[in-house]
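# Structural description and commentary
Listed below are the residues making up each chain.
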Amino acid sequence: MKHRTWPRASSSSPFSSFPFPTDTPSSSSAAKHTRFVRRCSHNHPPPLPAAPSDVGAGFSALPYDVMAKIAASFDDPTLKAASVVCRSWWEALRPLREAMMLLRWGKKFKHGSPRVKQNAEKALESFEKAAARGSALAMVDAGLMYWERGEKQRALDLFLKSAELGNHAAQCNLGISYLQAEPPKTEEAIKWLRKASVGGNARAQYQLALTLHRSCGTKSNMKEAARWYLKAAEGGYVRAMYNISLCYSFGDGLTHSNQLARKWMKRAADRGHSKAQYEHGLALFSEGDMMKAVVYLELATRAGERGASHVKNEALHRLSAASRDHAMHLADSWRALPSK
């Protein structure tokens, strides 16, 4: 699912606030609780007594299907923590614990490991079994495999089911899929991308900003687009770093600021964005910092940015032989900072 960068002219636990009883346990009950946690850590059912009546009418009395939907997008640590809250939750979440095991095996088969040979069929089978047990995470993995196979409708069905269960990665994938439909389903795409963006998915924030930027062009939409570019950039999404730099540079949706434009351009360049490396190199060249300019322009040249080579050669002519060698050594040893 490739998409352009800049449009052309066209864990805290979710259970921390639950109203559990606040009575101070006796030393004997505390010891029982300790033994209970130890037993649960070995996947044995929790030997808890029946919940008090005031709690029994609350979260511990949730129907199993409701509990399963709530927990469908939990990661492994959160699922384990939820499972030991009470006997009711332990039983309700049993299928999801099984799904988590199948999901782990699916990833091993998909990517391979020292002890497991890569096997795409077994990977997909494991993901499907995990999805059948209600795991929204497995639905995403299975959907991605179907998408790669060209079975896009099956992928969309899985993305939609996972998205409705609240999985932000699925909501993002679904939104991008709707944008790629013929004809594009832009309104549906924006709906799901916005849900994922509010949930903190940096890729969705970037794609939502890009979609708003492309499609409407009004001041209000450009302001919203710039806001989501900034959120995605702050979340580590390198394409958004480049775009928010341009927003600050041109004053699109944000107050014009050369300082902030330079800051985000450098961050994008340091994380391997070739256009950002070229433009940051040009800025350094214009300021007379030839050593740094050569490094960024050389990186941009290696990444295929046309035009970077000419400026780099001009900068090299202004350096001594020792400085030229040092600059090229810095480029050879350069490693991109991590990004999303």
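Residues numbered from 1 in each chain as written. Predicted model: local features only at pLDDT ≥ 70, side-chain atom pairs only at ≥ 80, totals over all residues. Heavy atoms only, no water.

### With respect to the nonpolar core
- The biggest cluster of nonpolar side chains holds 52 residues, and the ones touching the most others in it are Tyr206, Tyr229, Ile244 and Trp264.
- Excluding its chain neighbours within four sequence positions, the residues that come into contact with Ile244 are Ala226, Tyr229, Leu230, Ala233, Leu254 and Trp264. (Core = buried A, V, L, I, M, F, W, Y, C linked by side-chain atoms within 4.5 Å. Buried < 20%, exposed > 50% of the residue type's maximum accessible area, 1.4 Å probe, protein only. Contact = heavy atoms within 4.5 Å.)

### Re the environment of Arg239
- With respect to the helices, strands and loops of the structure, Arg239 is situated in helix 14 (residues 238-250).
- For Arg239, a relative accessible area of 30% corresponds to the partly exposed category.
- A sequence separation of 33 residues divides Arg239 from Tyr206, and the C-alpha atoms of the two residues are 7.7 Å apart. (Helix = DSSP H or I, 4+ residues; strand = E, 2+ residues; numbered from the N terminus.)

### Considering the packing of aromatic side chains
- Enumeration according to the criterion identifies three aromatic pairs in this entry.
- Look at Tyr206 and Tyr229: their rings are 6.2 Å apart centre to centre, the planes differ by 45°, and that puts the pair in the tilted class. With Tyr206 in helix 12 (residues 202-215) and Tyr229 in helix 13 (residues 219-234), the pair connects residues that are 23 residues apart, well separated along the chain. With respect to class, Tyr206 is no different from Tyr229; both count as buried.
- The structure contains a cluster of three or more aromatic residues connected by ring pairs, namely Tyr206, Tyr229 and Tyr237.
- The cationic tip of Arg227 hangs over the ring face of Trp228; the distance from NZ or CZ to the ring centre is 4.8 Å.
- When the ring centre of Trp264 is taken as origin, the NZ or CZ atom of Arg267, which lies over that ring, is 4.7 Å away. (Phe/Tyr/Trp six-rings, centres within 6.5 Å; stacked < 30°, edge-to-face > 60°. Lys NZ or Arg CZ within 6 Å of the ring centre and 35° of its normal.)

### So, the confidence of the model for the chain
- On average, the chain scores 86 in pLDDT, and the residues at 70 or more come to 81%.
- In the model, residues 9-44 has pLDDT below 50 throughout and makes 25 contacts with residues more than four positions away in sequence or in other chains. (pLDDT = per-residue confidence, 0-100.)

### Looking at helix 16 (residues 274-287)
- With 14 residues, helix 16 extends 20 Å from end C-alpha to end C-alpha; this agrees with the ideal 20 Å at 1.5 Å per step.
- Where helix 16 is concerned, the buried positions are Ser274, Ala276, Gln277, Tyr278, His280, Gly281, Ala283, Leu284 and Phe285.
- Those residues of helix 16 hidden inside the fold are in contact with helix 14, helix 15 (258-270), helix 17 (290-302) and helix 18 (308-317).
- Phi turns positive one or two residues past the end of helix 16, at Gly288, with a value near 90°. (Expected span 1.5 Å × (residues − 1).)

### Quick look at the pattern of salt bridges
- This model, assessed by the stated rule, comprises 17 salt bridges.
- As a salt-bridge pair, Glu98 and Arg133 come within 3.2 Å of each other at their nearest N and O atoms. Residue Glu98 is located in helix 6 (residues 94-111), and its partner Arg133 is located in the loop between helix 7 (120-132) and helix 8 (136-149); the two are separated by 35 residues in the primary sequence.
- Relative accessible area serves as the criterion here: at 34%, Arg133 is assigned to the partly exposed category.
- A single network of salt bridges, built from pairs that share partners, joins Glu298, Arg302, Lys312 and Asp332. (Salt bridge = Lys/Arg side-chain N within 4 Å of Asp/Glu carboxyl O.)

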